[in-house]
Amino acid sequence: MSKIYFTSDHHFGHKNIIKFSERPFKDVNEMDEILIQKWNEKVNPEDEVYHLGDVGLSSSGKLRKILDRLNGKIYLINGNHEKSAQDCHSRFEWIKDYYELVVKDDEFERGEQLIVLFHYAMREWNASHWGAYHLYGHSHGTLSDDPTSRSFDIGVDCHNFYPLSYEEVKAIMKTKSWKPPFEKGNR
């Protein structure tokens, strides 16, 4: 059975991201290889991966070689560094600026959970007052997490350079103290 994963901000081929984000790699080749390894440790070929932007900053030829080594069906949410990824559009199931994913999950009232996917963090999103999740990237862990919000930074810099499964995302959301704003006592 296939699984759903989420990730963001790999910046494959981007030498300066090592310094900017204080990544623990000696050079861009080591970074790329470890990022590929960690991706494939979790993701199987039949799995779905929602990448929330900034896949890589290298030539499209180099990026395509990396993308071809990654397991899974990849759905890309555009980030602010997507020129090379756009040139590799055939490797992605689709490329969009924003997406609302509905995941079947019997733990939720309607038997499904809405997840709003966008490269950038939002303070409110569709159905946020009903408990919809929001995953974002871009900030490389520099934004403070809001424990009362059902959102967080899915970027690799925040998760030991691994993608997270839907189950891992749900577990993180369960640790938050979010309350529906329309319940008595929450106004």
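Residues take numbers from 1 onward in each chain, read along the sequence in its written order. Whole-chain, interface and lining totals are the exception, using all residues; otherwise, since this is a predicted model, local features are given only for residues with pLDDT of at least 70 and side-chain atom pairs are given and counted only at 80 or more. Note: side-chain values were computed over all heavy atoms of the structure, leaving out hydrogens and water.

Colleague: Go over the overall build of the chain with me, naming the residues and quoting the values.
Modeller: Put simply, DSSP H or I for four residues or longer makes a helix, DSSP E for two residues or longer makes a strand, and each gets a number counted from the N terminus. Assigned secondary structure in the chain consists of 5 helices and 9 strands. Against the compact-globule benchmark of 16 Å for 187 residues, the chain has a radius of gyration of 17 Å, which places it among compact chains. Each principal axis of the C-alpha distribution contributes one length, and for the chain these read about 55 × 35 × 25 Å. For each residue, the accessible area found with a 1.4 Å probe, counting protein chains only, is set against the maximum for its type, and the residue is called buried under 20%, exposed over 50%, and partly exposed in between. Buried positions account for 50% of the 187 residues belonging to the chain. Accessible surface for the chain amounts to roughly 9900 Å². Of this, 48% is attributable to carbon and sulfur atoms. Positive and negative charge centroids in the chain, built from 25 and 30 side chains respectively, lie 1 Å apart. Taken over C-alpha atoms, the radius of gyration is set against a globule rule of 2.2 Å times the number of residues to the power 0.38. The Shrake-Rupley method, run with a 1.4 Å probe sphere, supplies the accessible areas, and residue values consider only the shown protein chains as cover. Lys and Arg are tallied as positive, Asp and Glu as negative. Neither His nor the chain termini are counted. Taken as the charge location is NZ of Lys, CZ of Arg, CG of Asp or CD of Glu.

Colleague: Could you give me a rundown of the environment of Y166, with the residues and numbers involved?
Modeller: Here Y166 is to be found in helix α5 (residues 166-174). Exposure remark for Y166: the relative accessible area of 5% places this residue in the buried category. Taking the C-alpha atoms as reference points, Y166 and A127, 39 residues apart in sequence, are found 19 Å from one another. The criterion used for residue contact is that any of the two residues' heavy atoms lie within 4.5 Å. Among all residues touching Y166, those that are not within four sequence positions of it are I4, F6, V103, D105, F108, Q113, I115 and Y133.

Colleague: Please provide a residue-by-residue account of α5, values included.
Modeller: Among the residues of α5, Y166, V169, K170 and M173 are the ones counted as buried. The buried residues of α5 occupy an angular sector of 100 degrees when projected down its axis, which confines them to one face. On the buried face of α5, the contacting elements are β1 (4-7), β5 (98-104), β6 (112-118), β7 (133-136), β8 (151-153) and β9 (164-165). This arc is taken over the directions from the axis of the helix to the C-beta atoms.

Colleague: Break down helix α2 (residues 28-42) for me, citing the residues and quoting the values.
Modeller: Counted at 1.5 Å a residue, the expected span for α2 with its 15 residues is 21 Å, and the 22 Å between its end C-alpha atoms agrees. Of the surrounding secondary structure, the elements contacted by the buried residues of α2 are β1, α1 (15-20), β2 (48-51), α3 (60-69) and β3 (73-77). Between the side-chain oxygen at the start of α2 and the backbone nitrogen of N29 there is a gap of 3.2 Å, and the oxygen is on D27. To estimate the expected span of a helix, count its residues, drop one, and scale the result by 1.5 Å. For this analysis, a polar contact is any N or O atom pair within 3.5 Å, provided that within protein one partner can donate a hydrogen and the other can accept it, and provided that sequence-adjacent residues contribute only side-chain to side-chain pairs.

Colleague: So, the pairing of β3: which residues are in play, and what are the values?
Modeller: Counting buried positions along β3 yields 4 of 5 residues, so the element is predominantly enclosed. Pairing between strands requires that DSSP locate at least two bridges from one strand to the other. Summarising the sheet, β2 and β3 pair through 4 bridges and their orientation is parallel. By the bridge assignment for β3, V49 is matched with I74. In this region the chain leaves β2, passes through α3 and returns to the parallel neighbour β3; the handedness of that crossover is right-handed. Consider the strands pointing away from the viewer: the crossover is right-handed when the path from the first strand over the helix to the second runs clockwise.

Colleague: Before we move on, could you go through unusual backbone geometry and cite the residues and values that matter?
Modeller: At D9, a residue that is not glycine, the phi angle is positive and equals roughly 60 degrees. Position of D9 among the secondary structure elements: in the loop between β1 and α1. Of the residues examined, D9 reaches a relative accessible area of 0% and is grouped as buried.

Colleague: Before we move on, could you go through the sheet that holds β2 and cite the residues and values that matter?
Modeller: Spatially, the 5 strands line up as an open sheet ordered β4-β3-β2-β1-β9, and their pairing is mixed. This sheet does not close on itself; its edge strands, each paired only once, are β4 (92-96) and β9. Relative to β4, β3 runs parallel, the two sharing 4 bridges. From the neighbouring strand, I77 faces β4, where its bridge partner is K96.

Colleague: Explain the sheet that holds β8 to me, using residue names and the numbers behind them.
Modeller: Working definition: the strands of a sheet are paired by backbone hydrogen bonds and lie parallel or antiparallel to each other. Spatially, the 4 strands line up as an open sheet ordered β5-β6-β7-β8, and their pairing is mixed. This sheet does not close on itself; its edge strands, each paired only once, are β5 and β8. On average, adjacent strands in this sheet sit at an angle of 20 degrees to one another, irrespective of strand direction. Most of the contacts of α5 go to β7, to which it runs at about 115 degrees, and overall it touches β5, β6, β7 and β8. Only C-alpha atoms enter the line fits that serve as axes; for helices the fit covers just the stretch in contact. Angles between N-to-C directions range over 0 to 180 degrees.

In short, shape yes, function no, at least from these values alone.
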